[in-house]
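# Inside the fold
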Amino acid sequence: MVSSVSNMKLMTAQIALQTIKGNSSDGGSSSPSDHDYSSLPSQSRSALSVMLDRINAGKAGSTDASGNTTASTDITTASFMALLRQNMTAAADAKGEGSQEAAMLAAFKKGKLTVTDPTQGVSIKAWDVTDPKEADIDQKKGTDIKTDDWNDFLRDHLQRDSHGRLVRSENGSFIEKGTGNEVYFGQVGTQNYYITWPVKTETKPATGTTTDKSSSKA
């Protein structure tokens, strides 16, 4: 019984390994459909099917426990960029011109959107996976930054007024210290990310977020 189980595990692993390499045991090209693993028990076939889906997902991301394809949380991958583009486009359409979402999408289309994940210590310029020139790119190298937790990172990067309140632009974006860039901090998929882009014109603070002249006495 133990030997039978071990043989089935070995067979499953061999098929997966051959698929990863793209070669069959005789050295020829291979794909998942080239292998006959119908002799495996249903549980092993199911596990192998999930494994092969993950291998072949490529740009599409990984596969969850239900077999559904999910986007990568790695900001250097095309999978993440595809999700980011999809989310920004839908949000910009829903919120309309003048919104934070529309500003983000406009910057993205101009190649001026930067995504940062301080928890992983990486930052990268966003790119459009629908651009034919980027079609074959699965991943790009990001810029290494200091690894930090979100509280410290946001405290160090977001601008505050003299009362300690976070400064926002007219479209609701936060403002970055030093650069004056607009900032979105929030979820893309299931994870939080820090996204920045340059403003088109001088940023005007939203009502109530900065000190007015009457209260700015030294």
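Refer to the preceding data block for the structure.
Residues numbered from 1 in each chain as written. Predicted model: local features only at pLDDT ≥ 70, side-chain atom pairs only at ≥ 80, totals over all residues. Heavy atoms only, no water.

It is worth spelling out the overall build of the protein chain at this point. Looking only at helices and strands, the protein chain features five helices and eight strands. Going from N to C terminus, the protein chain has its helices and strands arranged as α-α-β-β-α-α-β-β-β-α-β-β-β. Burial status across the protein chain gives 33% buried among its 218 residues. Carbon and sulfur atoms form 49% of the exposed surface of the protein chain, whose accessible area is close to 13,200 Å². (Helix = DSSP H or I, 4+ residues; strand = E, 2+ residues; numbered from the N terminus. Buried < 20%, exposed > 50% of the residue type's maximum accessible area, 1.4 Å probe, protein only. Areas by Shrake-Rupley, 256 points an atom, 1.4 Å probe, with all protein chains shown as cover.)

Applying the stated rule across the entire model yields four aromatic pairs. Arranged with centres 6.0 Å apart and planes meeting at 90°, the rings of W150 and F153 form a pair that is edge-to-face. Of this pair, W150 and F153 both sit in helix 5 (residues 150-157), three residues apart, roughly one helical turn. One exposure class covers both W150 and F153, and it is buried. Judged by relative accessible area, W150 falls into the buried class, the value being 16%. (Phe/Tyr/Trp six-rings, centres within 6.5 Å; stacked < 30°, edge-to-face > 60°.)

Time to look at the environment of T147. Looking at the secondary structure, you find T147 in the loop between strand 5 (143-144) and helix 5. T147 sits in the exposed class, given a relative accessible area of 51%. Separated by 28 residues in sequence, T147 and T119 have C-alpha atoms that sit 5.5 Å apart. Apart from the residues lying within four places of it in its own chain, the contact partners of T147 are P118, T119, Q120 and G121. (Contact = heavy atoms within 4.5 Å.)

Turning to the pattern of salt bridges, a few remarks are in order. The final tally for this structure, using the stated rule, is six salt bridges. Notably, a salt bridge pairs D152 with R155, separated by 3.1 Å at the nearest N-O pair. Residue D152 and its partner R155 are both found in helix 5; the two are separated by three residues, about one turn of the helix. For R155, a relative accessible area of 46% corresponds to the partly exposed category. For D161, the salt bridge is made with R165, and the minimal N-O distance between the two is 3.1 Å. Note on R165: relative accessible area 36%, which makes it partly exposed. Taken together, the shared-partner salt bridges in this structure form one network comprising D152, R155 and D156. (Salt bridge = Lys/Arg side-chain N within 4 Å of Asp/Glu carboxyl O.)

Moving on, we come to the sheet that holds strand 7 (residues 182-188). On the basis of which strands lie adjacent, the open sheet formed by six strands has the order 5-4-3-8-7-6 and antiparallel pairing. The sheet is open, and its two borders are formed by strand 5 and strand 6 (174-175), each paired with just one other strand. Contacts from helix 3 (residues 78-95) reach strand 3 (114-117), strand 4 (122-125), strand 7 and strand 8 (191-197) within the one sheet, and its direction differs from that of strand 7 by about 110°. (Pairing = 2+ DSSP bridges. Axes fitted to C-alpha atoms, helices over the stretch in contact; angles between N-to-C directions.)

Let's shift gears to the nonpolar core. Counting residues in hydrophobic clusters, the biggest one holds 24 residues, and the most contacted among them are F80, L84, L113, V115, I195 and W197. Among the secondary structure elements, those contributing two or more residues to this core are helix 3, helix 4 (100-109), strand 4, strand 7 and strand 8. For this core, the element with the highest residue contribution is helix 3, accounting for seven residues. With residues up to four places along the chain from it excluded, the contact list for F80 reads S72, D74, I75, V115, V188 and Y193. W150, F174, V183 and Y194 belong to the second largest nonpolar core, which has seven residues in total. (Core = buried A, V, L, I, M, F, W, Y, C linked by side-chain atoms within 4.5 Å.)

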